[in-house]
Structures are given as structure tokens and as C-alpha cells.
Amino acid sequence: MVSTLHRLAIALLLLPLFAAGCTSTQQFPSVSDQSASENAASTTEKLDVVATVLPMYLFTKAVAGDAANVEILIKPGTEVHEYQSTPQDVQAIAQADVIVENGLGLEEFLDSTIENAQNSNLIIIDASEDINPVGEIGDVVYPAGEDAEHAEDNAGGETHADSDAHANDDAHAANDTHTHAENPHVWLDPILAIQQVENIRDGLIAVDPSNKTTYEANAAAYIQELQNLDQQFQTTLQSFSDRTFITFHDAFPYLAKRYNLDQKAIVAIPEDSLTPGDVQKTVEAVKQFNVTALFSEPGVDNKLLSSLSQDLNLQVKTLDSLESGALEPQYYFTVMQQNLRTLEEAFKGGSSN
Ligand SMILES: [Zn+2]
């Protein structure tokens, strides 16, 4: 009895291996129709992988190539930090084999979504596994109109226990200025990006060992590009003695730490209900930091920024946090090289003044 079961188990394991090269969905002889169709579905078809946010999609697609189907959950153009799951997300997760998430608190919304999807076979790959998160770097400057609750949170970072409560708060949705207990933006440091790619590679190999060599080769090529990018950042930025900056989205502490950039403060920029007094108070608060560069995000244009720019006599330049953009693995390098040029121009302008 035992040996019969044993042989049957081996037969079930081996059959899909022989069928892996076939493109048609074959039926395997088996103990029951149900298990036969489940086996066929899980082995002759490509792995269905859902990546949560753009950088996770780019890294996963780079590693998977054509060996797996990779979809993105939070479509480009959607606010990442205050995201709320849709019924389509639940369905996508219900049908996926694997979900790749950035981790470090970025995908808090996923817990209930995964629960609702009731997919007991789902494998979760945490791309930030074994990465040490940084806390906050520098001060946070809030315009007077912002609630005092934030000012008190500066030191420890916000735990986000109340994230559902203000998910519909327009000011928050439009401009995420939240400081997370763990800053999730690790993908903006090319060296930590390598670690994320390795985590994704190892996770995919564990689930789909038949494509091990493909995942390894794809990951190696992408990691080589990330190493080259790191070299470019190091070479370009080391010549500037003054690398002070202020940003409006707490997305760059890992990049700053890696290349010895000095982020003096993070400025909260609500678009709504900002009085001239608020603007003036913020300008005064920021003036004292005496920085070389002001970095905003793509698509942000408001009167607080233009006032800051005028009063500090500094141009506001755009750093892209890669939370939105093209669904193409090379897009990471396009944006990061643009970010490097922006940093270079900003610090160059600073030292000649
Ligand atoms: Zn962000």
C-alpha cells in the first residue's frame, strides 16, 4: 500500500516534467479528474506573477523575461502610498501563483486583499527581505495649515495604524508626506535594488525551479546594469563637496545614504487650503537650512514650491521616485540616469554660486 502510493506520487511528479516542453494542455492519467486538471494547469502553463508597484514590476519582469506572466497590481498613474484595493485586485490575486511585494510597510492594503482573494496556494515574495530599513533623515517642515499631529510624529515616524481612517482625506491622497516607521523606498538605491532583484530571483526559482537557469541569467544581466549604474552615481557625485538638498517626498533616504547626499529636510506640500501666511511660514522655516538643491516630483506644481524657489533663489528640480512610469525593465535605468543628471546639475549650480 505504502509503496503503491509512493510510486504514484513519483509518477505525478515526473509526468509534468515530460510535458513541460509541450505547448498544448495535456490531460494526465491520474487518480481523479480534479487532481489531473490541477496538475496540468499548474505545470504546463507559465507561472502567473503579480507585482504590486512599478519598481517591483520592473525587477520581476527583468528576472522572469518570457518565462513567466508578470502583471502589475497598482497601475502607473495611481497614487501608491494611499492605495486602496479594487475588486479587480482581489481577482488578480485569486488567480495568481505568486505576488511580489516591496515590503517595508508599502503594501499595507494587501493584507485584507489577500485574505479576500482566498488563494491558499499564493506564494508571497518579499523583495526587501533582509534589507535594513532606514529611519527618517533630517527634519520635516509642515506648513502651518497641517495638523499638529504630524509635527509630534517627526521623531519616531508614523506607524500607519490609522491609515484606513484617512484614506479618503484629499490632502493626504494628493500629496503623500507620510513618514513611515520603515521607509519603503529602497529601490532608489541601486545597491539595494540588486538585493531586491536577488530576492525576486530566489523566490521565483523556489516556486518554479524548471526555469532556474533563465531566472539566473536574466537576473545576472540586470544586476550587471545595476552595478554599472552604481558606478556612474559614485563617479559623478563624488566631485561635489556641497550635496545638501530638501525634498518634498521622503523617497530618497536610501539614495542619499548610499552617495553621501545630505537631505536637510522634508517639506510637506498640501495643494489645498494653503494661505499666504502658511506659504510664508514654510519659506522662513526652509530658509534656515541653507541648501544647494530643492527636489520635487514629476507633475507637482504648486504655489508653495514656486514661493520657496523664488525666495531661496533656487530652481526646483524634479527627482523621480519611480512610482509611476513605463512597464519596461529598462525604464528603471532611464529614470535613474535622469535622476543622476538632475543631481549633478543641481549640485553644480550650487557650488558655482
Ligand atoms: Zn513614495
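Okay, so let's go over this structure.

Calculation notes
- Residues numbered from 1 in each chain as written.
- Predicted model: local features only at pLDDT ≥ 70, side-chain atom pairs only at ≥ 80, totals over all residues.
- Heavy atoms only, no water.
- Phe/Tyr/Trp six-rings, centres within 6.5 Å; stacked < 30°, edge-to-face > 60°.
- Helix = DSSP H or I, 4+ residues; strand = E, 2+ residues; numbered from the N terminus.
- Buried < 20%, exposed > 50% of the residue type's maximum accessible area, 1.4 Å probe, protein only.
- Expected span 1.5 Å × (residues − 1).
- Polar contact = N/O pair within 3.5 Å; in protein donor to acceptor, adjacent residues only side chain to side chain.
- Pairing = 2+ DSSP bridges.
- Axes fitted to C-alpha atoms, helices over the stretch in contact; angles between N-to-C directions.
- Contact = heavy atoms within 4.5 Å.
- Donors = N, O, S within 2.8 Å, 3.2 Å for Na, K, Ca; no water.
- Tetrahedral: all angles 85-135°; square planar, octahedral: opposite > 155°, others 65-115°.

## Things to note about the packing of aromatic side chains
(1) Moving on: Counted by the stated rule, this structure contains nine aromatic pairs.
(2) Moving on: Taking the centre distance of 5.0 Å and the plane angle of 25° together, the rings of Phe233 and Tyr259 count as stacked. One end of the pair, Phe233, is in helix H9 (residues 212-237); the other, Tyr259, is in the loop between helix H10 (253-258) and strand E7 (262-267), and 26 residues separate them in sequence.
(3) Moving on: On the basis of relative accessible area, Phe233 is assigned to the buried category, the value being 0%.
(4) Moving on: An aromatic cluster is built from Phe59, Tyr222, Tyr332 and Phe333, whose rings are joined through pairwise contacts.

## Some words on helix H8 (residues 190-207)
(1) Moving on: The end-to-end C-alpha distance of H8, which contains 18 residues, comes to 26 Å, matching closely the 26 Å that a straight helix rising 1.5 Å per residue would cover.
(2) Moving on: For H8, the set of buried residues is Pro190, Leu192, Ala193, Ile194, Gln196, Val197, Asn199, Ile200, Gly203, Leu204 and Ile205.
(3) Moving on: The opening residue of H8 is Asp189, an N-cap whose side-chain oxygen sits 2.9 Å from the backbone nitrogen of Ile191.

## Observations concerning the sheet that holds strand E3 (residues 98-101)
(1) Moving on: Spatially, four strands are ordered E2-E1-E3-E4 in an open sheet, and the strand pairing comes out parallel. Two strands close off the open sheet at either side, each with one partner strand: strand E2 (68-72) and strand E4 (123-126). Across the sheet, the mean angle separating the axes of adjacent strands is 25° when strand polarity is ignored.
(2) Moving on: Sheet analysis places strand E1 (residues 47-51) next to E3, joined by three bridges and oriented parallel. Across the sheet, Val50 pairs through a bridge with Ile99, a residue of E3.
(3) Moving on: Strand contacts of H8: E1, E3 and E4, with the helix running at about 160° to E4, the strand carrying the most contacts.

## Structural notes on the coordination of the zinc ion
(1) Moving on: Listed as protein donors to the zinc ion are His81 (NE2), His185 (NE2), His249 (NE2) and Glu323 (OE); their distances from the metal cover 1.9 to 2.2 Å.
(2) Moving on: Here the zinc ion binds four donor atoms, and the angle range of 100 to 122° at the metal identifies the geometry as tetrahedral.
(3) Moving on: For the zinc ion, the donor residues sit on a single chain with the sequence spacing H-x103-H-x63-H-x73-E. Taken together, the residues His81 in the loop between E2 and helix H4 (87-95) and Glu323 in the loop between strand E9 (316-318) and helix H13 (331-352) connect sequence positions 242 residues apart. For the pair His81 and Glu323, one class covers both residues: buried.

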